[in-house]
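The residues making up each chain are set out below.
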Amino acid sequence: MDKLVHTSVVAHHQPAIELAERIAALAPGKLDKIFFANSGAEAVEGAIKLARYVTGKSALIAFQGAFHGRTYGALSLTASKSYYRERYEPFLPGVYHVPYPYAYRNPSGPGDEATLDYVFDFIAQMLDTRVPPKNVAAFIVEPVLGEGGYVVPPAAFMPRLRELCDEHGILLIADEVQSGYGRTGKMFACEHTGVVPDIMTLAKSIASGLPLSAVVASSKLMDRWEPAAHGSTFGGNPVSCAAGIATLDVFEREGILENAREKGEQLLGRLRELQTRVGAIGDVRGLGLMIGVELVEKNGKPDKHLQKHIRQICLDSGLVILSCGTEDNVLRLVPPLNISESELNEGWEILSAAFHEAAA
Ligand SMILES: Cc1ncc(COP(=O)(O)O)c(C=O)c1O
């Protein structure tokens, strides 16, 4: 703050260069060039523009249940709840949606294989009948579905999607705004799958609360994005970038990834044990500290009412829990990545008591 608050686009500064180098060193594959912006939605806009610019193609394929932000391009890709789109038509043309692999509610039956067959058959049919692959600039995907229900896709999903993209010369954008930066116990959720996307978007926690986001891609791709083809007055400002560097220092110093993995496993284990005793818990899923608890009625239908009831009981006892899911019936557990053992226990006492009161 004392040295430099703002330079706009007239000068590069050390914090942005250092942070870009550190993110590039952590990013999978050769994703070594960064464009900084201010918010998740802006990073998604940047990713869409980059994909269209370098491919010269315009169609974009996103997933049902996806949340990519509220600006027009990002909102055109968003399909988690229709009220985000109310009164905002028309959207960006050339956007198509396909089902996300959601094994718990897969229409063609349970199991990872049936789920993936359903999704990839749908995509194949769409590429055959509605949008030729030659028109498609990119698929955009959340490696773990966030707002749409904290859905962890089957392990083979990302590799198969990568293969499909390579076969047709389509770019793969991983929106890691929610799943990235340690949330799933690895720096980026796509690392669980071994898949390297062409473009990655980052935001939320990357500057621990200061406005900062990033579009990450290889130099090979980024160097084809001509100077001034995209830009931002405030994006990557020195103070946010300094906070971004400090954030990565904390990751190293405090063993944040290990903590997310360890506490995530504990919490998942406890929830799965609770599930054996509570019929209203239909599904428990998650990676690291990105955990969803899907609540259902006796007939298996989504139970939004119970979601609200449990959250209210928790809130009254001082525990904040969010919800998610297209039917808003999923408890979204996103504890701080540095949560301590005693804090986890304290939160668990409140949550398990809430289940005892509302759903025993
Ligand atoms: C996956 C994903 N992408 C994009 C966004 C948009 O981020 P922002 O609210 O910073 O614009 C969000 C926000 O929740 C998100 O979860």
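Residues numbered from 1 in each chain as written. Predicted model: local features only at pLDDT ≥ 70, side-chain atom pairs only at ≥ 80, totals over all residues.

Focus on the overall build of the protein
Broken down by element type, the protein carries 10 helices and 11 strands. Its C-alpha atoms give the protein a radius of gyration of 21 Å, near enough to 21 Å, the size a compact globule of 360 residues would have. For the protein, the C-alpha atoms occupy an extent of roughly 60 × 55 × 40 Å along the three principal directions. When contacts within the protein are restricted to residue pairs at least 6 apart in sequence, those whose partners lie at least 24 apart make up 71%. (Helix = DSSP H or I, 4+ residues; strand = E, 2+ residues; numbered from the N terminus. Rg over C-alpha atoms; globule rule 2.2 N^0.38 Å. Contact = placed C-beta atoms within 7 Å.)

What about the domain arrangement of the protein?
Interfaces are often sized by the amount of accessible area the parts lose when they come together. Partitioning the protein into structural domains gives domain 1 (14–253) and domain 2 (256–359). Between domain 1 and domain 2, the C-alpha centre-to-centre distance is 26 Å. The interface of domain 1 with domain 2 comprises 23 residues on the first partner and 22 residues on the second. Partitioning the side of domain 1 that touches domain 2 into residue classes produces 9 nonpolar, 10 polar and 4 charged. (Domains from an automatic or database assignment. Nonpolar A, V, L, I, M, F, W, Y, C, P; charged D, E, K, R; others polar.)

Quick notes on the site of the ligand
Surrounding the ligand, one finds 14 residues, the nearest of these being Gly40, Ala41, Gly69, Val177 and Gln178. Top contributing element to the shell around the ligand by residue count: helix 2 (residues 40–55), with 3 residues. Of the residues that constitute the shell around the ligand, the class distribution is 5 nonpolar, 6 polar and 3 charged. (Near = placed C-beta within 6 Å.)

Thoughts on the sheet that holds strand 8 (residues 281–287)
With antiparallel pairing, 4 strands are arranged side by side in an open sheet as 8-9-11-10. Looking at which strands have only one partner, the edges of the open sheet turn out to be strand 8 and strand 10 (322–324). Strand after strand, the sheet turns through a mean of 25° between neighbouring axes, direction not considered. Pairing analysis gives 3 bridges linking strand 10 to strand 11 (residues 330–333), with the strands arranged antiparallel. Bridge assignment links Leu322 to a residue of strand 11, and that residue is Arg332. Strands strand 8, strand 9 (290–295) and strand 11 of the sheet are contacted by helix 8 (residues 256–277), whose axis makes an angle of about 170° with strand 8. (Pairing = 2+ DSSP bridges. Axes fitted to C-alpha atoms, helices over the stretch in contact; angles between N-to-C directions.)

Focus: unusual backbone geometry
Pro90 follows Glu89 through a cis peptide bond whose omega is 0°. With respect to the helices and strands, Pro90 occurs in the loop between helix 3 (72–77) and strand 3 (95–98). Here Ala228, not a glycine, exhibits a phi torsion of approximately 75°, which is positive. Within the secondary structure, Ala228 sits in the loop between helix 6 (219–222) and helix 7 (238–253). The exposed category is assigned to Ala228, around which 7 C-beta atoms lie within 10 Å. (Buried ≥ 20, exposed ≤ 12 C-beta atoms within 10 Å, placed from the backbone.)

Things to note about the pairing of strand 7 (residues 213–217)
Within strand 7, 5 of the 5 residues are buried, which leaves the element mostly enclosed by the surrounding structure. Burial of strand 7 is two-sided: the residues Ser213, Val215 and Ala217 facing one way and the residues Ala214 and Val216 facing the other way are all buried. Taken together, the 5 bridges between strand 1 (residues 33–37) and strand 7 define a ladder with antiparallel strand orientation. Bridging from a neighbouring strand, Ile34 pairs with Val216 of strand 7. Bridge count between strand 6 (residues 199–202) and strand 7: 4 bridges; the pairing is antiparallel. In the strand pairing of strand 7, Leu202 is matched with Ala214.

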